[in-house]
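# Descriptive analysis of the structure
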Amino acid sequence: MKNFLAFFLTLGLTAASAQGPLPMRPDAPSDLVRVGLTDNDTTAGGTARLCEQVTFSRGLRYGESEANVLDVATATTKADTPRPVLLFVTGDTFTGDRAAPELSRQIQDQAMCFAARNDMVGVRVNYRLAPSATWPAGATDVAAALSWVHGNIDLFNGDAREIVAVGYGAGAFHVATLLAHPELQTDRADVAAVVLVSGVYRAGKDASDSEKAYLGSDASQYNKRSVFPGILNVDVPIVLAWAADDSAGVTAQGETLKTTLCGAGHCPRSALLRSRDGIASAFGLDGSGDSLAEPTLLLVHQLEARGLP
């Protein structure tokens, strides 16, 4: 299944692009630290094995905060042509991941290496967390990271016209918020498509402590800070997914977003994942199986039908 998913992801993402040439870009940063994972990097998911022949450039700054850094993963063998970009924005909650930071990083590395080993460039975005950073800091950080990617990813043989943003958990809300709120968008922060996994898209009076830490304690502001109605105007293809083991609330969020988008004539591809213990399991890299495959293949067909150069 992994090979199948990799095949059509790589096939279809090359069809997505943005209009017009990119502006001049800076030279390669002089402080790039390129490190490849070794056999000492091991987790239950087999990070070392998945990351063979993958090179990481870590801690590249895209904004003013110490949290505004990103990692780039590329194959050690350079492709002949620029490669599509999978940009991962993850987070179990708005205040951080449930797992220890090192374990969370290794789980996310697996998804990055999946991209790199299948002729794509993987980018992981680190962003400011609640409670020190509140709405809309997550979305504006994603916008800044995308601007950095547009200006620099060709240094890693990536194609800025072919960016697919993958939002997971709280990251799904940040990606969707950026798309839904034009006032938060910056120059060169566009994407070709998005994948939203197990997000909360409109908090209610029963908001969790994590949601309150980011959105504030005043529930009367939640509708204004949700992805509605702006998400209905988004014109890029969307894959929407949640997991069988998600909470009833998260499942309802996904179902509501899907129903609303379909009602607006922009029905997303959707998938029910078998399990969700991290971004790696969402892509089936833990052996649990993967149900993003079929809707992602349909997304690829949609991108191809657009006929972008």
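These figures come from a predicted structure and were not determined experimentally.

## Notes on the overall build of the protein chain
- The number of helices and strands found in the protein chain is nine helices and nine strands.
- Contacts in the protein chain between residues at least 24 apart in sequence constitute 76% of all its contacts with a sequence separation of at least 6.
- About 13,300 Å² of surface is accessible on the protein chain, with carbon and sulfur atoms providing 50% of the total.

## Thoughts on helix α3 (residues 101-116)
- Over its 16 residues, α3 extends 22 Å from the first C-alpha to the last, a length consistent with the 22 Å expected when each residue adds 1.5 Å.
- For α3, the set of buried residues is Ser104, Gln106, Gln108, Asp109, Gln110, Ala111, Met112, Cys113, Phe114, Ala115 and Ala116.

## So, the packing of helix α4 (residues 137-152) against helix α5 (residues 170-180)
- Closest axis-to-axis distance for the α4/α5 pair is 8 Å, and the angle between their directions is 80 degrees. One finds that α4 runs roughly perpendicular with respect to α5. Side by side, α4 and α5 meet where Gly138, Ala139, Val142, Ala143 and Leu146 of the first sit next to His174, Thr177 and Leu178 of the second.

## Some remarks on the environment of Ser217
- With respect to the secondary-structure elements, Ser217 resides in the loop between α6 (209-215) and β8 (238-243).
- Residues Ser217 and Lys205, twelve residues apart in the sequence, show an inter-C-alpha distance of 9.4 Å.
- Not counting the four nearest positions on each side in its chain, Ser217 is found in contact with Lys212 and Tyr222.

## Observations concerning the side chain of Asp71
- Within the fold, Asp71 resides in strand β3 (residues 69-75).
- The class for Asp71 is buried, based on a relative accessible area of 10%.
- A polar side-chain atom of Asp71 sits 3.3 Å from a polar atom in the side chain of Arg58.
- A distance of 2.4 Å separates the side chain of Asp71 from the side chain of Arg124, its partner in a polar contact.

## A look at the environment of Phe173
- Following the sequence through the fold, Phe173 ends up in helix α5.
- C-alpha separation for the pair Phe173 and Gly199, spaced 26 residues apart in sequence, amounts to 5.6 Å.
- Beyond its immediate sequence surroundings of up to four residues, Phe173 is in contact with Phe94, Trp135, Val200, Tyr201, Tyr214, Leu215, Arg225, Ser226 and Val227.

## With respect to the pairing of strand β5 (residues 121-125)
- The element β5 is extensively covered by neighbouring structure, given that five of its five residues are classed as buried.
- Residues Val121, Val123 and Val125 line one face of β5 and the alternating positions Gly122 and Arg124 line the opposite face, and both faces are buried.
- Relative to β5, β3 runs antiparallel, the two being bridged by four bridges. Within β5, the position partnered with Asp71 by the bridge is Arg124.
- Looking at chain direction, strand β4 (residues 83-89) and β5 are connected through four bridges and run parallel. Within β5, the residue paired with Val85 across the bridge is Val121.
- In this region the chain leaves β4, passes through α3 and returns to the parallel neighbour β5; the handedness of that crossover is right-handed.

About the thresholds
Residues numbered from 1 in each chain as written. Predicted model: local features only at pLDDT ≥ 70, side-chain atom pairs only at ≥ 80, totals over all residues. Heavy atoms only, no water. Helix = DSSP H or I, 4+ residues; strand = E, 2+ residues; numbered from the N terminus. Contact = heavy atoms within 4.5 Å. Areas by Shrake-Rupley, 256 points an atom, 1.4 Å probe, with all protein chains shown as cover. Expected span 1.5 Å × (residues − 1). Buried < 20%, exposed > 50% of the residue type's maximum accessible area, 1.4 Å probe, protein only. Axes fitted to C-alpha atoms, helices over the stretch in contact; angles between N-to-C directions. Parallel < 35°, antiparallel > 145°, perpendicular 65-115°, else oblique. Polar contact = N/O pair within 3.5 Å; in protein donor to acceptor, adjacent residues only side chain to side chain. Pairing = 2+ DSSP bridges. Right-handed = clockwise from strand over helix to strand, strands pointing away.

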